[in-house]
Structure formats: C-alpha cells, structure tokens
Amino acid sequence: MRLKLHTQILLGLVLGAVAGVLIGPPIAVIKPIGDAFIKLITMIVVPLVFASILLGVASLGDLAKLGRIGIKTIGYYLATTSIAITIGLVLANIVKPGSRLDPTIKDRLLTDFSGAAEVNIERLGDKPGVIDTLLDIIPTNPVESLAQANMLQVIFFALILGVVLTQLDKKHVTPIVALAEGINEAMIKLVHLVMKIAPYGVFALIAAIVGQYGIGILQTLFVYSAVVVVGLIIHGGVIYPTAVRFLGGMNPIHFFKGIAPAQLVAFSTSSSNVTLPVTMECAEENLGVGDEVSAFVLPLGATINMDGTALYQGAATIFIGQVYGLELSITQQLLVVLTATLASIGAAGVPGVGMITLALVLRTVGIPLEGIALILGVDRILDMCRTAVNVTGDSSCAVVVAASEGDLATIPPVAPGGEEPVWTSETKV
Ligand code: ASP
C-alpha cells in the first residue's frame, strides 16, 4: 500500500527530527537535498503567481466582483491578524514568561546572541517608512519586479494588466490569455512533479535544523516558546475552524485535511512564499476554492497576511519588556497591535523576517532592541510554527471568500472511482 502524500511528508518530518537528534550537527551534509527542494518550488512561484492572477482577473470580466473580493480579503486579513496579536498579548500578560527567566540565562543569551541581534537591527535601519512602502508597490519596471521576485509589485502589475485586458478588443486579449493559461497549467504540473520529492526535502531540512540547533535550545526559553506555541494552537485551532465553519460552511476537519501538505511544507521551509504553489494547489484541488478567488487571495495572503508572525510579535514584545522590567500600558499594547499588523503586512513571506520587523514593534514602544538577542536562539523553531499558521490563515480566507462568492465547489472526500481525489502519491504527473 502506498501512503498518501501528506502522510509521506509527515513521516519525512518525524524521521528527520529523529535523525537530527541521533546524528547531531554532521547531519547537515544532507541539507542540500532540502535546499534543492526549496529552490524547485521557489522556481515556480513567480510565473505561477503572475499567470494565475492575470488569468483570474481577466476572466472575471467583472470589476465590481474584483473590488468585492478585494475588500472581503483585506477585511478578513486585518481582522484575523488583530485577533492573533491580541491572543499573543493576552497570553504573555497572563503567563508572564519574562518574569520567570533566570538572570544568569538572560546574561548568557544577551552575550551569545548580541552580534546576531545587531545584524537584525541594522537590517531594520534600511526599512522605508509607510509612504515609501506603499509607493514601492508600484513597479517602475515590471520585468525587474519579476526578475527580483518582488511579490507585491508582481501582484500589482498582474492585477492592473488583467483589469486592462477586460477592456480590450477580443482579438488582442485571446493570445495573451492563451499564453497565461498555458503557463499556468504547466506550473501546476510542475508543482505535482516537485511534490514527489517533498518527503525527502522535508526530511533533509528538518534533520539539518534539529541537528544544528538541537531540541534542547527550547528548554532555555521554555515558557516563552510555550506561550507562542499555545497561542498559535489557539489561533489555528479555534479562530480558523470557526471562520471556516460559520463563514465558509465547511467542515473544519475537511479543511485541515485538505491543507495539510501546505502546512507541512510551510513548517519545514519557514516561508509562506515558497509554500505558495502548494497552498494554491491544496485550496483549489482539495478544498474546491475557485481559481479566481485562489489566484487573488492566496498570493496576496502570502505577502501581506501573517497572523502567526503577528501573534509571535505580540508575545515577544511583552516577554522582552518583562525581562527588562518594563510593563506596557494598555495604550502601548494597542500600539503594538497597530504596529505589528502593519509590520506583518510589510514583511515578505520569507524565513526569519518576523524577527526583523519585531525590531520595529519594539522601537515603537521603547523596548531595548538588544532584547532580540534573548529570543534569537529559538527563533528558527518558532518561525516554522508561525509560518504554518500564516499559510493556514491564507487558506481559511480563501475558503471564506470563495463561499461568499458562491465559488466553493463541493469536493467529494473520495472520488467516484473510489480513489482519493488528489494529493495521493498516485497523482499522475
Ligand atoms: N517565515 C514567515 C513566513 O514566511 C515570516 C516570519 O514570521 O518570519 O510566513
């Protein structure tokens, strides 16, 4: 019997962790297998996003619908992100992980990681202000945006181009749409192909991370890490299922089963952007989200919607403040909600970026930036968890928006032939 793909990936993950613990740092020699996997899916992201957004908008043919989908999507993203930060803040205020940190551990962490923290703070120095960030969404040279994989610019250009196509004469539109369709189909085929090696890629990535950092690092900051992880579980296990059930009319178990491959890939790669082709595939094939909705909601979500990151920033801010003996007032905490929401919009879905924008949040409420050194050691592991939540949030939005637009197909749990519909290892490529 052949296992389903998500079971294979899960197996890769568990065996990778075991191999990492048993072998330790030398296991890093197999990391190139994981890197190859990451590069292969990343390779698909730009053409897929460009072609699918273009197609989605061009085939909508109805700009009012686009506007409606846009407002619903952004509204959902802002609402869930604010809830996520609030969960992070409330939990950290109740548990007070920072007040329990042993002073000797604090000094050790501050010395060990101060160099790395400096690097993050310096990187923040290059971050432009709000107006510049917004202006930066408009590309001056779309080819350059594609080449540099600047996702917000790619999305912007594809959207505008799609809108323009709806206004043009059919004879100009047909060849462009046919090309975009061809590229789109080819990219989807490529995703299927690359997913064949996902279990091996995931095994190598997890083994290398566990081998390098060791699970033990979690012990030093156990209470803080637990606050973040419990917060993520609450957000992912309560807020999304509720939204999917009551706003999307979908059984949450069906939802989680459908997006499991995307969650596992997000967990192992720590990048919503890299995971995007898998997320789109799962949403469309396993959850029945219409192409138009998925092509708009998911690429946008991978770039601007990061609930897990925002939750972690709320908890981390309170934690660092507590270690330094600084209690944040309610107003300051509301400021955290606002800045962390904006920071998570401005951050790209790549590994470790939440750590950099955390500095922005800390600076806004006057907490010493060096405090980042305290939590750097566990960042990689928490990044994995928060990225899985980020991707889940994007997918839940796709379900909710698709349902509200009548664009959610009912996928039978088992296809008529008795076989699982998609993502089985038998999926033909
Ligand atoms: N790695 C996260 C993502 O790609 C962002 C972060 O929290 O660092 O979604």
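Details of the structure are given in the entry above.
What counts, and where the lines are drawn
Residues numbered from 1 in each chain as written. Predicted model: local features only at pLDDT ≥ 70, side-chain atom pairs only at ≥ 80, totals over all residues. Heavy atoms only, no water. Helix = DSSP H or I, 4+ residues; strand = E, 2+ residues; numbered from the N terminus. Buried < 20%, exposed > 50% of the residue type's maximum accessible area, 1.4 Å probe, protein only. Contact = heavy atoms within 4.5 Å. Areas by Shrake-Rupley, 256 points an atom, 1.4 Å probe, with all protein chains shown as cover. Patch = residues over 30% accessible without salt bridge, like charges linked within 9 Å, V, L, I, M, F, W, Y side chains within 5 Å. Salt bridge = Lys/Arg side-chain N within 4 Å of Asp/Glu carboxyl O. Phe/Tyr/Trp six-rings, centres within 6.5 Å; stacked < 30°, edge-to-face > 60°. Lys NZ or Arg CZ within 6 Å of the ring centre and 35° of its normal. Near = heavy atom within 4 Å. Polar contact = N/O pair within 3.5 Å; in protein donor to acceptor, adjacent residues only side chain to side chain. Nonpolar A, V, L, I, M, F, W, Y, C, P; charged D, E, K, R; others polar. Core = buried A, V, L, I, M, F, W, Y, C linked by side-chain atoms within 4.5 Å.

Participant: Teacher, can you tell me more about the overall build of the protein chain here?
Facilitator: Counting secondary structure elements, the protein chain contains 18 helices and zero strands. Looking at the protein chain as a whole, 52% of its 429 residues are labelled buried. Considering only intrachain contacts with a sequence separation of at least 6, the fraction spanning at least 24 residues in the protein chain is 86%. On the protein chain, roughly 18400 Å² of surface is accessible, and the fraction owed to carbon and sulfur atoms is 68%.

Participant: When you look at a nonpolar patch on the surface in this model, what are you seeing that I'm missing?
Facilitator: On the surface, a nonpolar cluster with roughly 470 Å² of combined accessible area is contributed by Leu-10, Val-14, Val-18, Leu-22 and Ile-23. Mapped onto the secondary structure, Val-18 falls in helix α1 (residues 5-23).

Participant: Even after reading the chapter, I still don't get the packing of aromatic side chains, so can you show me in this structure?
Facilitator: Each aromatic ring pair is characterised by the separation of its centres together with the angle its planes make. Applying the stated criterion across every chain, the model contains four aromatic pairs. Geometrically, the ring pair formed by Phe-255 and Phe-256 is edge-to-face, given 5.3 Å between the ring centres and 70° between the ring planes. Judged by its relative accessible area of 26%, Phe-256 is partly exposed. A cation over a ring is seen here: Arg-386 above Tyr-312, with NZ or CZ 4.0 Å from the ring centre.

Participant: I tried to follow the site of the ligand on my own but got confused; where do I start?
Facilitator: Near the ligand you find 14 residues, and of these Ser-272, Thr-309, Gly-354, Asp-383 and Arg-386 are the closest. In this structure, a nitrogen atom belonging to the ligand sits 2.9 Å away from a main-chain N or O atom of Ser-270. For the shell around the ligand, the secondary-structure elements that each account for two or more residues are α17 (353-364) and α18 (372-404). It is α18 that contributes the most residues to the shell around the ligand, four residues altogether. Classifying every residue of the shell around the ligand gives three nonpolar, nine polar and two charged.

Participant: Explain the pattern of salt bridges to me, please; I cannot follow it from the model alone.
Facilitator: Opposite charge on two side chains permits pairing when their charged atoms draw close. In this structure the tally under the stated criterion is six salt bridges. Taking the shortest distance from any N to any O, the salt bridge between Glu-292 and Lys-65 comes out at 3.2 Å. Of this pair, Glu-292 sits in helix α14 (residues 291-304) while Lys-65 sits in helix α3 (residues 63-95), and the two are 227 residues apart along the sequence. With its nearest N and O atoms 3.0 Å apart, the salt bridge here joins Arg-386 to Asp-379. Both residues of the pair, Arg-386 and Asp-379, count as buried. Salt bridges sharing partners connect three or more residues here, namely Arg-68, Lys-72 and Glu-405.

Participant: Help me understand the nonpolar core in this model?
Facilitator: Within soluble globular proteins, side chains that are nonpolar tend to cluster in buried spots. Counting residues in hydrophobic clusters, the biggest one holds 120 residues, and the most contacted among them are Tyr-224, Val-297, Phe-319, Leu-358, Leu-374 and Ile-375. If you tally residues by element for this core, the top one is α18, at 17 residues. What Val-297 contacts, discounting residues up to four positions off in sequence, is Ile-69, Thr-73, Tyr-77, Asp-394, Cys-397, Ala-398 and Val-401.

Participant: It is not clear to me how the environment of Ile-38 should be interpreted in this structure. Could you clarify?
Facilitator: Considering the arrangement of structural elements, one finds Ile-38 in helix α2 (residues 31-60). The class of Ile-38 is partly exposed, set by a relative accessible area of 21%. Sequence separation between Ile-38 and Val-274 is 236 residues, and the spatial gap between their C-alpha atoms is 6.8 Å. Ignoring sequence-local partners within four residues, the contact set of Ile-38 consists of Leu-205, Thr-269 and Val-274.

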